[in-house]
Amino acid sequence: MKKSNYGPKKSDQKKANNHQESRVSNFSNERKKDYAKVNGGVFLYTKPLSVGDLSKAINVPSSEIIKFLFLEGKMVTINQLLDDDMIGEVCLQFGYDFKKEEVEDKTHFETLKIEDDPASLKERPPVVTIMGHVDHGKTTLIDSIRSSRIVDTEAGAITQEIGAYQKEVDGKKITFIDTPGHAAFTAMRARGASVTDIVILVVAADDGVMPQTIEAIDHAKAAGVPIIVAVNKIDAPGAKPQKVLEQLMAHDVIAEEYGGDVMTVEISAKKGINIDALLEMIALKAEMLELKANPSRYAMGTVLEAELDKGVGPKATLLVQNGTLNAGDYVVVGETYGKIRRMNNEHGAMLKSASPSTPVSVIGLNGVPSAGDRFMAFESEKEAREIADARALEKQNAARSGTAAMSLSDLNNLIKAAKVQDVNVMVKADTDGTAQALKTNLEKMSTEEVKIHVLSASAGAISDNDILLASASNAIIFGFNVRPDARVRTLAAEQKVEIHLHNIIYELLDEMEAALKGMAVVEKVEKIIGEAEIRHIWKMAHVGTIGGSYVRSGVIKAKSKVRLIRDGVVIYDGTLGSLKRYKDDASEVKEGYECGLTIAGYNDIKEGDIVECYALVEKED
């Protein structure tokens, strides 16, 4: 595509129209074009064509094309779409060279390859997200930053209208985004919204690295976002800031003082100690990142949050990432559209325009978009409406067909087709030692053609957070001696995330190795039949420990294979010993009913344990 200031501000529209004539032209006309022509003996096309369309384009009877393909062993009809290979074969047979041209469709404006003139790029503020373990002081730090002595350009800095705000350091702004947690951060990435430039990792000096600290590290690394560590609560009894930095080294977060590249600062969010130093560190990191954008074109960005306000209708908080958003602009936001009727900053002040990295609250949309949706401003309401309608239709079709994250079958097929270079993997195990051992062995399987990236390897149950991270990163989850509960399995199915569970290390490694070699994956798969929760226990002589249970999902079947799960970790794998309803033997007990059960050869049952009933079945194609 030509270098252009795509989507200029209204004052520059006439000039910009001359720059935007070729591939990114009027949307309505673009939808109507046939996109096939012969130019100097070269057949140019941009999408699959039917035999009839190809016949007209190269002036060869359709019967001749059908006959030629038939002799090549391909049966086609006049209305059948031909793929690139068949179009190429036909062109060469009838004396044409051929070339497929890529046409950028404004329906998918987030993928448009717009080349900005380097002279039009201006420095923009960094966008920062604060993450860390619960109770380590994230909220206190956010409040402290809002009311810090580094004064905002506007009054009322503490008043917060929207979930984002800006601070000014030495005349330069920093944009902070409030996120309710790691799940929100990753859910945005799952929707293709990379909004964060820097992550502030908050770690309490008196508590050290905790599970959610590790989660935050994994999420930041998966997003490719640099981390600044804020060691908080340095004024608390028992604070050990140096111990925190040492613990972080085990997770490849190495402070500058230990020879790494991660900036660190010791703070007390509660007392406001070193908050100015943290802000100055963020400004320095932003300067090193050389963040730039073009403010002289129509705005593009991401939805941070949205709601239906009873007083004003659909209301959305947008983060402008490139261009300038003006009051009165026509925008497409996800599958909605509208005219910006009113635009406010975080203090409620009305704005006429918003430059890159500025968060704003807008009204004027015809519906409520979703957090993580992308937006772009366009020239006219008609164009915006047509694009929004096309996006809505595509979303409906995609929902019917479903999309999936990477699976071992996909990996198998892609390797056979030589179309894969990087594979993302997550490991969850019953112990940290096992998780790290699996990480090491999986990474050793990398070849020149395929690089395995282990995004995270940790002990504990597979959680909702793991599923969201896998979905956002197109990753496969391997579990060793751990089990996802029914809620997590449901989320994995919704997100199309594949989970492979094992209790023998070499079988897990063999499965991955087979996929990497392009070999057939294991045909036998587990099917979860049912899940019961142990609510009471009692012991009987000659019987053992009996678990009074409630069937939470599916059905529990007598003599079936079962696992005993405690806090998401597999304690025992065996067979159901007995199953009773009241005093009678039962062949099965369904969801919503109570039962008594025993596990053959195992008596260490505790209240709160989960009994998972499963079977091995042949994998469906």
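The preceding data block contains the structure.
Residues numbered from 1 in each chain as written. Predicted model: local features only at pLDDT ≥ 70, side-chain atom pairs only at ≥ 80, totals over all residues. Heavy atoms only, no water.

### Focus on the overall build of the protein chain
Note the following rule: Segments assigned H or I by DSSP are reported as helices when at least four residues long, segments assigned E as strands when at least two residues long, and all are numbered from the N terminus. The rule is simple: take the accessible area with a 1.4 Å probe, protein chains only, and divide by the maximum for that residue type; under 20% is buried, over 50% is exposed, in between is partly exposed. The contact rule is simple, with two residues in contact once any of their heavy atoms fall within 4.5 Å.
Of the regular secondary structure elements, the protein chain holds 16 helices and 33 strands. The buried share of the protein chain, reckoned over its 621 residues, is 48%. Partitioning the contacts of the protein chain with sequence separation of at least 6, the portion at a separation of at least 24 is 71%.

### Quick notes on the nonpolar core
Rules: What makes a nonpolar core is a set of buried Ala, Val, Leu, Ile, Met, Phe, Trp, Tyr and Cys residues whose side-chain atoms join them at distances within 4.5 Å.
Ranked by size, the top nonpolar core spans 23 residues in total, and within it L141, F176, I200 and I282 carry the most contacts. Per-element accounting of this core gives the leading share, five residues, to helix α10 (residues 275-289).

### Some remarks on the sheet that holds strand β8 (residues 164-169)
Keep this limit in mind: At least two bridges found by DSSP between two strands are what make those strands a pair. Axes here refer to lines fitted to C-alpha atoms; in helices the fit is confined to the stretch in contact. Angles between the N-to-C directions go from 0 to 180 degrees.
An order of β8-β9-β7-β10-β11-β12 is seen for the six strands of this open sheet, with the pairing classed as mixed. The open sheet is flanked by β8 and β12 (263-266), the only strands paired with a single partner. Neighbour-to-neighbour, the strand axes of the sheet open up by a mean angle of 30°, direction not taken into account. Relative to strand β9 (residues 172-177), strand β7 (residues 127-132) is paired through three bridges, and the arrangement is parallel. By the bridge assignment for β9, T129 is matched with I177. Contacting β10 (198-204), β11 (227-232) and β12, helix α9 (residues 241-249) crosses the sheet at an angle of about 145° to β11.

### Observations concerning the packing of aromatic side chains
As a reminder of what qualifies: Any pair of Phe, Tyr and Trp rings, taking the six-membered ring for Trp, is counted once the centres come within 6.5 Å. Such a pair is stacked with planes under 30 degrees apart, edge-to-face with planes over 60 apart, and tilted for the rest. We call a charge positioned over a ring when the NZ of a Lys or the CZ of an Arg lies within 6 Å of the ring centre and within 35 degrees of the ring normal.
Evaluation of the coordinates by the stated rule reveals five aromatic pairs. Taking 6.2 Å as the distance between ring centres and 75° as the angle between the ring planes, the aromatic pair formed by F68 and F94 counts as edge-to-face. You can see F68 sitting in helix α4 (residues 62-71) and its partner F94 sitting in the loop between α5 (84-93) and β5 (97-100), a full 26 residues away along the chain. We classify F68 as buried; its relative accessible area is 13%. F94 sits in the partly exposed class, given a relative accessible area of 26%. Directly above the aromatic system of Y614 lies the positively charged group of R563, at a separation of 4.0 Å from the ring centroid.

### Concerning the side chain of S50
Here S50 lies in strand β3 (residues 49-50). Judged by its relative accessible area of 9%, S50 falls in the buried class. Excluding residues that lie within four positions of it along the chain, S50 makes contacts with I78, N79, Q80 and L81.

### What to know about helix α3 (residues 51-58)
Selection criterion: The directions considered for the arc run from the helix axis to the C-beta atoms.
Looking at α3, one finds that the buried residues are V51, G52, L54, S55 and I58. The buried residues of α3 occupy an angular sector of 165° when the element is viewed end-on, so they sit on one face. The first or second residue beyond α3 is N59, which carries a positive phi of 60°.

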